[in-house]
Amino acid sequence: MRDRPVRIGLIGCGDIAVTRHIPTVVAHPEATLAAVCDADYARAKAAAKLCGIETIESDYRKLLTMKELDAVIVATPPWVTPHVTMDALRAGKHVLCEKPMAIDVETAIRVQATERETGKRVQVGFTYRHGPLLETLKSWIREGRLGSPLVYRLGIFDETWDPVGNPEHYERIYRTMRQGCPSIHDGAHVADFLNFLAESPVAGVESFGLKTRPEFPSSNYDMSIIRFENGDVAKVEIGWFLPHFPKGEFEVVGPLGIAVFDRFEQTVSLRTGAVTETVRLEEEWVPSCFRIQLTKFIAGIRQNAPFVPGTEEGIRSLSLTKAIEQGIQSRGL
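Fair warning: this is a prediction, and the values are worked out from it, not measured in the lab.

Asker: So what exactly am I meant to see when it comes to the side chain of Glu 249 here?
Answerer: By the secondary structure assignment, Glu 249 is in the loop between β10 (233-239) and β11 (250-254). At 2.9 Å, the side chain of Glu 249 forms a polar contact with the side chain of Lys 235. Setting aside its immediate chain neighbours within four residues, Glu 249 contacts Arg 153, Leu 154, Gly 155, Lys 235, Glu 237 and Arg 263.

Dropping the structure here:
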C-alpha cells in the first residue's frame, strides 16, 4: 500500500459527501475514490458522475465486499453511522466516519469494542479541530498565556429555516431533529473543541432548550454552562432553524488576556496587555480542515498508527452532548 494511493469507498452521498468528501479525496495525491454508495441509487449515481466513478452501489454491504478497498468514509445520518461503521470494520476496512459517531453512548462503546475486536480502526470526523488555527490556540492555553481559570464562549448557528425556499433542506434537518436536539449534532464539534482545549474532565452541566416553533420535534436553540474539574467554565449556544443568525463566537477569556478564534476571518488572535498576536490562515479554512483530516487518516493507515481523533475522543464528545441533552429534557420544553 505504501507504493500506491489508498483506495477509498464512500458510503452516503448527501451534501457533506458531495461538497466536501468527494472533492477532498479526488484532489488528494495519496488517495483514490474507488466506489460510492447511497441507499438512494439516483443520488449515488449523481455523486459518481461528479468524479467519474464507475462503481456505484445502493447496498453498502456490497461495497464492503470489495477486496480492493482499503478504507471507507461513512457519511450517513448519525443514527445509521455506527451500524455501517461496525459492518465496515468487520469487513476489514478502516473507517473515517462523520460525527457524531452514534446518537447514544452505549452504541458508541459497541463501535469501539468492534474496533478492538477486528484490529481495524476508526477516525471520527471532528473535521474542524485540524489545522494551525486550533493548534495555535491550544498552544497558547497550554503555555499559560491566558492564565487560569478560563472561560470558553462558543456559539454555532446553522441550518437556516426556509421551508418554502428550500424544502429538501427543511425536511432533512427536521428529520435529524427527531433524533435529537442541535447539541447532539452541531454540538459534537463544540464538545470536541472543549475536550481538545480544556484537557480536563467535565464536572457538571446545566442546559436549557427552546423551541421557537411548536411543530419542531426538539429544541432548536440550546444553551449550556459546562464546568470542568480544573476550574474552567464554558458557555455554549447552538442554534438551528432561525431565519437569521448572529455571527456566533469562539473566545477564550482568562485573567491574563483573551484569545479569539474567528472562523470567518480565518484568524486566531491573542491579546495580553498591550500585545496582540494574530495567526492568519492563507487558504480556505474548511477545505484545509478536510484535507488535513484525510491526510492524517491516510498516514494512520500507512503507519498502522492510532487515528486521532479516534473512538475515545468520539465517546467523550458524545458523553458531553448527551449530558447537555439530558439537562434540556429534564427541564422540559
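Once you've had a look at it, read on.
Asker: Got a minute to help me understand the sheet that holds strand β4 (residues 71-74) in this structure?
Answerer: In any sheet, the strands associate via hydrogen bonds between backbone groups, in a parallel or an antiparallel arrangement. Across the sheet, six strands lie side by side as β3-β2-β1-β4-β5-β6; this open sheet has parallel pairing. Where the open sheet ends on each side, the last strands, each with one partner, are β3 (56-57) and β6 (122-125). Across four bridges, the pairing between β4 and strand β5 (residues 94-98) is parallel. Bridge pairing in β5 places Ile 73 opposite Leu 96. Across the sheet, helix α4 (residues 81-90) lies against β1 (6-11), β4, β5 and β6, angled at about 170° from β5, the strand it touches most.

Asker: How do you make sense of the pattern of salt bridges when you look at a structure like this?
Answerer: Working definition: two side chains of opposite charge can pair if their charged atoms are close together. Inspection of every chain in the model, using the stated rule, returns 18 salt bridges. We note a salt bridge from Arg 61 to Asp 59, for which the minimum N-O separation is 3.7 Å. Given a relative accessible area of 48%, Arg 61 falls into the partly exposed group. Assessed through its relative accessible area of 29%, Asp 59 is described here as partly exposed. Via salt bridges that share partners, Arg 153, Lys 235, Glu 237, Glu 249 and Glu 251 belong to a single interconnected network.

Asker: Explanation requested: the pairing of strand β12 (residues 257-262) in the structure shown.
Answerer: On any regular strand, side chains alternate: one points to one face of the sheet, the next to the other face. In terms of residue burial, β12 counts as a mostly covered element, since six of its six residues are buried. Sheet topology places β11 next to β12; four bridges connect them, and they run antiparallel. When the sheet's bridge partners are listed, Glu 251 is paired in β12 with Val 260. Joining the antiparallel neighbours β11 and β12 is a turn of two residues. Of the strand pairs in this sheet, β12 and strand β13 (residues 267-272) are connected by five bridges, and their pairing is antiparallel. In the strand pairing of β13, Ala 259 is matched with Leu 270. Here β12 folds back onto β13, and the loop between the two strands holds four residues, one of which, Gln 266, carries a positive phi near 60°.

Asker: What am I meant to see in the state of the cysteines here?
Answerer: As used here, a disulfide is simply a covalent bond connecting the sulfur atoms of two cysteines. Scanning all chains against the criterion turns up zero disulfides. Cysteine Cys 51 is unpaired, with the sulfur of Cys 13 as its nearest cysteine sulfur at 8.5 Å. Residue Cys 97 stays outside any disulfide, its sulfur separated by 16 Å from that of Cys 37, the closest cysteine. A residue is classified by how much of its surface remains accessible, and Cys 97, at 2% relative accessible area, is buried.

Quick notes on the rules
Residues numbered from 1 in each chain as written. Predicted model: local features only at pLDDT ≥ 70, side-chain atom pairs only at ≥ 80, totals over all residues. Heavy atoms only, no water. Helix = DSSP H or I, 4+ residues; strand = E, 2+ residues; numbered from the N terminus. Polar contact = N/O pair within 3.5 Å; in protein donor to acceptor, adjacent residues only side chain to side chain. Contact = heavy atoms within 4.5 Å. Pairing = 2+ DSSP bridges. Axes fitted to C-alpha atoms, helices over the stretch in contact; angles between N-to-C directions. Salt bridge = Lys/Arg side-chain N within 4 Å of Asp/Glu carboxyl O. Buried < 20%, exposed > 50% of the residue type's maximum accessible area, 1.4 Å probe, protein only. Disulfide = S-S within 2.5 Å.

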